[in-house]
Amino acid sequence: MDSALSTLYREHVDARSAAAARALSATGFDRLLVHSGKPFTYFADDNDAPFRSTPHFAHWTPLEGPGHLLDVVPGRRPRVFRLVPRDFWYEPPRPAPSFVTDLFDVTDVATPEEAWKAAAASHGGRTAFLGEAAEEAEANGIPRDAVNPPRLVARLDWDRACKTPYEVACLLEANAVASRGFAAAQTTFLAGGTELEAHHAFLAATGVMEEALPYPTIIGFDERSATLHYHGKRGHEAAPGRGMLVDAGVSVRGYGCDITRTFTSPRTDPTFRALVVGMDALQRRLADELRPERPYLEVHLVAHRLIGELLRETGILKVGVDEALASGLTRPFFPHGLGHFLGIQVHDVGGRQERPDGGTKAPPAEHPFLRTTRTLEEGMVITNEPGLYFIPMLLEPVREGAGRDAIDWRLVDRLTPFGGIRIEDDVVVGREGNQNLTRPHVP
Ligand code: GLY
Ligand code: MN
């Protein structure tokens, strides 16, 4: 890590310390113990699922592996009791890097019991525990109501939405790495490769193991691109595709990007190609709508209007945009939400939180999949991912209902085999303009 990034990391840890101190004092605790997680073993098996750190732990440090305890007491240098089992079957976690040991007292221990013993040694105050290992915590003297206390968790989740410059740097780096994967997947597709080959090209070009991806790649040719989270990877029976949607990202120090592009080819229907070009233009316009103090729902509704205009321009909608919006006719074409918070989790926490201390603000009933109902603030990182799909399951009720004359069904039927379109960038909301983390790397 270069010195500029180490400085950003130091400031990030300082920000975590200040946020933890505020949250602890507001909720009646004076110490935070954060567990890095437990391995998940498949039922009746001796194999574990790929491990993911507890997000509260990952927010402080990218140290890998389960069983570590992070010990935070306001005013004191944070400590980590790092589980490094003496094991010759599995590789132990790599040593703690210097940018971590510069800021944390890191003590390696060989067993979870040793970690608890060391952590418990020096504290007589009221400890809050965060993590999945609730039984371990209670067995080690943490009262049940201090294990993942909801009011404390809410405060920490609320804060996670705004990223520090260090977190933005991680996400920007992730976008840069992922861009190589997008170029490679596109080349594979245009050369007549399969969905599976495009996926392998993405992994090879980014140099990432599949299990280290922030989420499974979504790589769909043609009609499969209309399955929003399509995880199948077809072989030669589906190649060459006429169009391809890729939704994929990579993680850097625990922060994953989330990018989508829709690629066309000379085999794509010209109207579908025009829709992709129109979607790209409207997605860029939407990026400018993401402003501090703006309720995200408002921008989602602007997206519906712009998508309505695009449907109208291409002749899919036969009625005016106002009428289409009033009768909900854009919703079957754009069924998901415009975007979500992004960071340690691809759908990062706190998107529907009402207040710093909790509560839930649900989206309107007509927009059930909108993941973010917060008002935008400077420093939030959010995706901007409008889409337009031809999903028979959603369009059939319209075809058979009151809206049937408002849509050119012959055109819809011609475009349905091409599936769907989504274009997604990662955006940092700024007062003096937003920073698009994706476009500098992925055109
Ligand atoms: N990348 C998948 C999603 O945002 O839903
Ligand atoms: Mn997304």
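Conventions and cut-offs
Residues numbered from 1 in each chain as written. Chains lettered and ligands numbered in written order. Predicted model: local features only at pLDDT ≥ 70, side-chain atom pairs only at ≥ 80, totals over all residues. Heavy atoms only, no water. Pairing = 2+ DSSP bridges. Helix = DSSP H or I, 4+ residues; strand = E, 2+ residues; numbered from the N terminus. Axes fitted to C-alpha atoms, helices over the stretch in contact; angles between N-to-C directions. Contact = heavy atoms within 4.5 Å. Core = buried A, V, L, I, M, F, W, Y, C linked by side-chain atoms within 4.5 Å. Buried < 20%, exposed > 50% of the residue type's maximum accessible area, 1.4 Å probe, protein only. 1 Å grid on protein atoms, 1.4 Å probe; cavity = no way out; pocket = protein on both sides within 12 Å on 5 of 7 lines; lining within 4 Å. Points joined across faces, edges and corners; volume = space filled by probe spheres on them. Nonpolar A, V, L, I, M, F, W, Y, C, P; charged D, E, K, R; others polar. Near = heavy atom within 4 Å. Polar contact = N/O pair within 3.5 Å; in protein donor to acceptor, adjacent residues only side chain to side chain. Areas by Shrake-Rupley, 256 points an atom, 1.4 Å probe, with all protein chains shown as cover. Sits in = over half its atoms within 2 Å of the grid points. Donors = N, O, S within 2.8 Å, 3.2 Å for Na, K, Ca; no water. Expected span 1.5 Å × (residues − 1). Phe/Tyr/Trp six-rings, centres within 6.5 Å; stacked < 30°, edge-to-face > 60°. Lys NZ or Arg CZ within 6 Å of the ring centre and 35° of its normal.

## Description of the sheet that holds strand β2 (residues 69–72)
Working step 1: Judged by pairing direction, the sheet is mixed, and its five strands sit side by side in the order β4-β3-β2-β1-β5 without closing on themselves. Unpaired on one side and paired on the other, β4 (105–109) and β5 (127–130) mark the two borders of the sheet. Between one strand axis and the next, the sheet turns through 15° on average, direction left out of account.
Working step 2: Sitting on the sheet, helix α4 (residues 112–120) is in contact with β1 (31–35), β2, β3 (79–83), β4 and β5, with an inclination near 165° to β3.

## Remarks on the sheet that holds strand β7 (residues 243–248)
Two orientations exist for strands paired in a sheet by backbone hydrogen bonds: parallel and antiparallel.
Working step 1: Overall, antiparallel pairing links the three strands, which are arranged β6-β7-β10 in an open sheet. Here the strands that pair on one side only, and so sit at the sheet edges, are β6 (218–221) and β10 (259–264). Pairwise comparison of adjacent strand axes, ignoring direction, gives a mean angle of 10° for this sheet.
Working step 2: The sheet contact formed by β6 and β7 spans four bridges and is antiparallel. Residue pairing in the sheet places Gly220 in a bridge with Leu245 of β7.
Working step 3: Contacts between helix α7 (residues 165–190) and the sheet are confined to β6, β7 and β10, with β10 contributing the most and set at about 20° to the helix.

## Topic: the nonpolar core
Working step 1: Of all hydrophobic cores here, the largest spans 51 residues; its most connected members are Tyr9, Leu32, Leu70, Phe104, Phe129, Ile142 and Leu152.
Working step 2: If you look at the next biggest cluster of nonpolar residues, it comprises 43 residues, including Leu306, Ile316, Val398 and Ile423.

## A few points about the pairing of strand β13 (residues 381–384)
Residues in a regular strand project their side chains so that they alternate between the two faces of the sheet.
Working step 1: Alternating positions in β13 separate into two faces, Val381 and Thr383 on one and Ile382 and Asn384 on the other, with burial throughout.
Working step 2: Looking at chain direction, β13 and strand β16 (residues 425–428) are connected through four bridges and run antiparallel. Within the sheet, the bridge partner assigned to Asn384 lies in β16 and is Asp425.

## Here we look at the layout of surface pockets
Working step 1: Space inside the largest pocket adds up to approximately 2000 Å³.
Working step 2: Lining the largest pocket we find 47 residues, and of these Phe51, Arg52, Glu64, Gly65 and Glu211 sit closest to its centre.
Working step 3: At the level of elements, α2 (55–58), β3, α7 and β8 (251–252) are the ones that each hand at least two residues to the lining of the largest pocket.
Working step 4: Of the residues belonging to the lining of the largest pocket, the class tally is 27 nonpolar, nine polar and eleven charged.
Working step 5: What the second largest pocket holds in volume is close to 380 Å³.

## Things to note about the site of ligand 1
Working step 1: Close contacts around ligand 1 come from Tyr215, His229, Asp247, Asp258, His340, His347 and Glu385, and that covers them all.
Working step 2: In this structure, a nitrogen atom belonging to ligand 1 sits 3.0 Å away from a side-chain N or O atom of Asp247.
Working step 3: At 2.9 Å, a side-chain N or O of His347 approaches an oxygen atom of ligand 1.
Working step 4: Contact with the protein chains hides 93% of the accessible area of ligand 1, taken as 200 Å² for the molecule alone.
Working step 5: At a threshold of 2 Å from the grid points, most atoms of ligand 1 map onto the second largest pocket.

## Focus: empty space enclosed by the protein
Working step 1: This model, assessed by the stated rule, comprises two cavities of 30 Å³ or more.
Working step 2: In this structure, the largest cavity encloses a volume near 120 Å³.
Working step 3: Lining the largest cavity we find 13 residues, and of these Arg16, His56, His59, Trp60 and Leu156 sit closest to its centre.
Working step 4: Contributing elements (two or more residues each) for the lining of the largest cavity: α1 (3–27), β1, α2 and α6 (150–160).
Working step 5: Of the residues assigned to the lining of the largest cavity, the class counts are eight nonpolar, two polar and three charged.

## Digging into the pairing of β3
Working step 1: The buried fraction of β3 amounts to five of the five residues, a majority that puts the element mostly inside the structure.
Working step 2: Residues Arg79, Phe81 and Leu83 point to one face of β3 and Val80 and Arg82 to the other, with burial holding for every one of them.
Working step 3: Inspection of the sheet shows β2 paired to β3 by three bridges, in the antiparallel sense. Within the sheet, the bridge partner assigned to Asp71 lies in β3 and is Arg79.
Working step 4: Counting the residues in the hairpin turn of β2 and β3 gives six residues, including Gly75, whose phi is positive at 90°.

## Here's the deal with the coordination of the manganese ion (ligand 2)
Working step 1: Around the manganese ion (ligand 2), the donor atoms from the protein are Asp258 (OD), His340 (NE2), Glu385 (OE) and Glu424 (OE), and they sit 2.1 to 2.2 Å away.
Working step 2: In primary sequence terms, the donor set of the manganese ion (ligand 2) follows D-x81-H-x44-E-x38-E. Pair noted here: Asp258 is in the loop between β9 (255–256) and β10 and His340 is in the loop between α11 (321–326) and β11 (353–355), with a separation of 82 residues, a long-range link.
Working step 3: Given the relative accessible area of 3%, Asp258 is considered buried.
Working step 4: The class for His340 is buried, based on a relative accessible area of 4%.

## Describing helix α9 (residues 270–289)
Working step 1: The terminal C-alpha atoms of α9 lie 29 Å apart, and with 20 residues this matches the ideal 28 Å at 1.5 Å per residue to within 8%.
Working step 2: Regarding α9, the residues found buried are Thr271, Phe272, Leu275, Val276, Gly278, Met279, Leu282, Gln283, Leu286 and Ala287.
Working step 3: One side-chain oxygen of the residue at the start of α9 lies 2.8 Å from the amide nitrogen of Thr271, identifying that residue as Asp269.

## Side note on the packing of aromatic side chains
Working step 1: All told, the structure shown has eleven aromatic pairs when counted by the stated rule.
Working step 2: When the ring of Phe40 is compared with that of Tyr42, the centres are 6.0 Å apart and the planes differ by 85°; the resulting orientation is edge-to-face.
Working step 3: Ring geometry for Phe88 against Trp89: centres 6.0 Å apart, planes inclined by 25°, an arrangement best described as stacked. Judged on exposure class, the residue Phe88 and its partner Trp89 are both exposed.
Working step 4: Three or more aromatic residues link up through ring pairs in this structure, and these residues are Tyr9, Phe99, Tyr166 and Tyr255.
Working step 5: Its guanidinium or amino end placed over the ring of Trp158, Arg374 lies 3.5 Å from that ring's centre, counting from NZ or CZ.

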